[in-house]
Amino acid sequence: MRRVKLPVVAQPVRTPAMLLKALLPLMVVNAHAQTPAEPALQLQASPQLQEAIDADVRRQLPTFVTGEHISGRPDLNTQVQGAAELRKGDMVIRADQLDYDQPTDLAKASGHVRINRAGNVYEGPLLELRLDAFEGFFNTPNYHFLRNDAHGQADRIEFLDAQRSIIHNASFTTCKRLPGPDWMPDWILRASQITMDNDEDVGTATGAMLSFKGVPVLPVPYVSFPLSDQRKSGVLPPTLGVDNVNGSEVSVPYYWNIAPNRDVTVTPTVMTKRGVNLDTEFRYLEPDYAGTLRTNWMPSDKLRNSNRWGLNLNHQARLQSPWTAGPALLALNLNRVSDDNYWRDFTRANASLTQRLLANDATLAWQNGAWASSLRTLKWQTLQDVTAPIIPPYDRLPQLTTRTSRNLWGGGLDVTLEADYTRFQSSRTLTLQPNADRVFSVLQASHTFQSPAGYIRPKIQLHATNYQFDAALKDGATQANRTVPSLSLDAGVVFERDTQLFGRALLQTLEPRAFYVNTPYRDQSLLPNYDSGAYDFNFATIYQENAFVGNDRISDSNLLTLGVTSRFLNLDTGAEVARVGLAQRLRFRDQNVTLPGVLPATDRLSDILLGGSLNWDTRWKLDGTVQINPTTDESVRATLAARYNPGRYRTLNMAYRFQRNSSEQIDLGWQWPLHSLMGGASLAAGADPVPGRWYSVGRLNYSMNERKLVDSVLGFEYDAGCWLGRIVLERLQTSSVTATQRLMFQLEFVGFSRLGVNPLKSLKSNIPNYQTLREPAASPSRFSNYD
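This write-up is about the structure you can find in this document. Here the structure is a predicted model, which means the values were calculated and not measured.

Quick notes on the rules
- Residues numbered from 1 in each chain as written.
- Predicted model: local features only at pLDDT ≥ 70, side-chain atom pairs only at ≥ 80, totals over all residues.
- Heavy atoms only, no water.
- Pairing = 2+ DSSP bridges.
- Helix = DSSP H or I, 4+ residues; strand = E, 2+ residues; numbered from the N terminus.
- Salt bridge = Lys/Arg side-chain N within 4 Å of Asp/Glu carboxyl O.
- Buried < 20%, exposed > 50% of the residue type's maximum accessible area, 1.4 Å probe, protein only.
- Phe/Tyr/Trp six-rings, centres within 6.5 Å; stacked < 30°, edge-to-face > 60°.
- Lys NZ or Arg CZ within 6 Å of the ring centre and 35° of its normal.

### Let's talk about the pairing of strand β33 (residues 504-519)
- Where strand β31 (residues 479-493) and β33 come together, six bridges link them in antiparallel fashion. Within β33, the position partnered with Ser488 by the bridge is Val517.
- Two strands pair when backbone bridges link them, and strand β32 (residues 495-501) and β33 are joined in this way by seven bridges, in the antiparallel orientation. By the bridge assignment for β33, Phe495 is matched with Leu510.
- Count of turn residues in the β32/β33 antiparallel hairpin: two residues, of which Phe502 carries a positive phi of about 55°.
- Relative to strand β36 (residues 557-570), β33 runs antiparallel, the two sharing 14 bridges.

Right, dumping it as structure tokens:
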């Protein structure tokens, strides 16, 4: 290979007059640019400023050498004495003395040597380095790495190439150096050898000892750690805890970064009262499929004297098929556990809101022209409790659904046809109803008369249902048919006006709405109920044709819903600043179609719904809904919520929930800085974490009826800059008289150990808008440390 000759440029000493002469044109241009007649200069990206320089390009780059005295032979060698400096590409070498041999590309520097390569800085007394290959050594250096802001000292560094190096008798910490000869970092890793690999973005240490606050805490024969915030295989921070059911707990997660699109986290946990538990989480992401597999295995659980296990799989995939328009979509959600007591003994293993009803669901969806279809199988695992048994829902083995929509008469008439076949199955020992094959279809046609001021939408529906039972009903029938027509009319008007509120220009709307539905009565009292339930009473469901969700009950209706909403909109952005709404339903005849065991609805006036929201300030959000009985003028149910979020790591959530003769709860969640030990920053000042600051985190759910806490999480986080500390107390209610309590501790060394699973998992799942301190950031640019 032909070696490119490298020009050597000596910089002359410049007098102040010469500098003024050189800067004068720039000053004139700058003054001209600031005149009002000229547009401001715009900065643009330049292809010459590259974060990484290709090796072939690097060889072609010139080498610049400056100093007080320069001597040598052209194209052979150069000696620089006094303030020596060599620059090439993204590398700068400074020293008292520098010798550069061009044929061997070898640079030797001595006396106050400092090398900066792509933002990584090394300082020491003696350096020998081949520039292009970046091979050589540095004696007794101090070093500082750009990616993770780590630094340390060593006896010697051997540079193997541009990406790899070996550091002997080294120290490593991310704690910022403070002035003073007696300074010691809060945490430091000392090792007989540290290997740095920037290609793999990983460092490995052998013969290491981790010290915290001057106390050796963990001897480490071998450990690997990330060189940036990118994902990296290795041991995550351990979690220590005390649990009233499990006893003392120690969890040491291990993270395996299999590939950029696949990883596994394995978390063994030692519980003094129960044994060893093993959690695994496998995540994968491919162009056509993605998902998460979680497993839990606990052999010989002392609590139940049996093996315990749990399984959760979430999988989504696109399947190419010549028989469908576009790919078919597959969704799997599988949940299985070993026994009925699993939900009580492993309260944190399942994120499902219904921990005693575990769905095993597989759905395949596809489209052919205007027809959208799906095939679904759903099987439940019901975890029974002898003190509170529940009737399991019916399995759907299978459910086939298809739907199509058409626009007729030039798009003026919208016609929709939907058909559903479902096979309902369940154990006859647990349910009194027979299993059945149900075919349900609904044909609906609607037309919207739209104008700038409002709309009118008439709609007609026809429901048809057929049942085939595997056992006779009370009347001896083994099949049943039901046909129910329905007519509805939805109308609304929008009035607008400009207004002002507290000095702010706004657009106010007034939106009255009327919704009428008429559905004749069809006796459905003998039909089993497989999937129907009453809709919750709220602003979304009060404008529904059917009072029930599901297809086993079609309510008879002759009612009118009247409502009005007023909104205040920002004139510049269109954002909703405030909203208030009111709605009530008028019933003209009794509703005789009900769910089993429920009396007919005879009230002529429904409860009044009053709701609203306020977003006057982006930091505040208020919303609430109140349901009022018009006869007693008492509130039946109310939900009020407020959120205050003035900046990052500052959130306060408050909620009040009330249901007469049932429950009354107050919910409070927060993440908030307590104070700063460094700088005296106020509570609301600044957005980013401040070293030396304590944070309070928690959520309290208090039952006013029972006068006790239901679920609660209370903790503190401390951000020391280069390490984080957490202590969290968690209490979860498992029944009306029992609860599990756990105290968790965690230390995280920033830039060395990555975030663990707990107690962060508890904080994230319980505190709305919780943010992890020191969240991963983008890798810093080498130009941020260019000198």
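So, next bit.
### Side note on the pattern of salt bridges
- As enumerated under the stated definition, the model contains 43 salt bridges in all.
- A salt bridge links Glu123 to Arg114; the nearest nitrogen and oxygen atoms lie 3.4 Å apart.
- Since its relative accessible area comes to 24%, Arg114 is described here as partly exposed.
- Here Glu748 makes a salt bridge to Arg726, at a shortest N to O gap of 3.7 Å.

### Some words on the environment of Ala372
- Turning to its location among the elements, Ala372 is positioned in strand β25 (residues 371-382).
- By relative accessible area, which is 37% here, Ala372 ends up partly exposed.
- C-alpha separation for the pair Ala372 and Thr324, spaced 48 residues apart in sequence, amounts to 9.9 Å.

### Some thoughts on the pairing of β31
- Two strands pair when backbone bridges link them, and strand β30 (residues 454-469) and β31 are joined in this way by 15 bridges, in the antiparallel orientation. Residue pairing across strands places Tyr455 opposite Gly492, the latter belonging to β31.

### A closer look at the packing of aromatic side chains
- Tallying each qualifying case throughout the model produces 23 aromatic pairs.
- Ring centres of Tyr122 and Phe145 lie 6.3 Å apart, and the angle between their planes is 75°; on these two criteria the pair is classed as edge-to-face. Within this pair, whereas Tyr122 is found in strand β6 (residues 120-130), its partner Phe145 is found in the loop between β8 (142-144) and β9 (151-153), the two being separated by 23 residues in sequence.
- By relative accessible area, which is 8% here, Phe145 ends up buried.
- Between Phe172 and Trp187 the ring centres are 6.4 Å apart and the planes differ by 50°, which places this aromatic pair in the tilted class. Of this pair, Phe172 sits in strand β11 (residues 164-172) while Trp187 is found in strand β12 (residues 187-197), placing the two residues 15 residues apart along the sequence.
- Using a relative accessible area of 0% as the deciding quantity, one classes Phe172 as buried.
- The exposure class assigned to Trp187 is buried, which follows from its relative accessible area of 0%.
- Across the ring face of Phe137, the terminal group of Arg156 is positioned such that the distance to the ring centre comes to 4.2 Å.
- Seen from the ring of Phe346, Arg274 lies directly overhead, with NZ or CZ sitting 4.6 Å from the centre.

Fair warning: the whole summary comes from geometry, so function is off the table for now.
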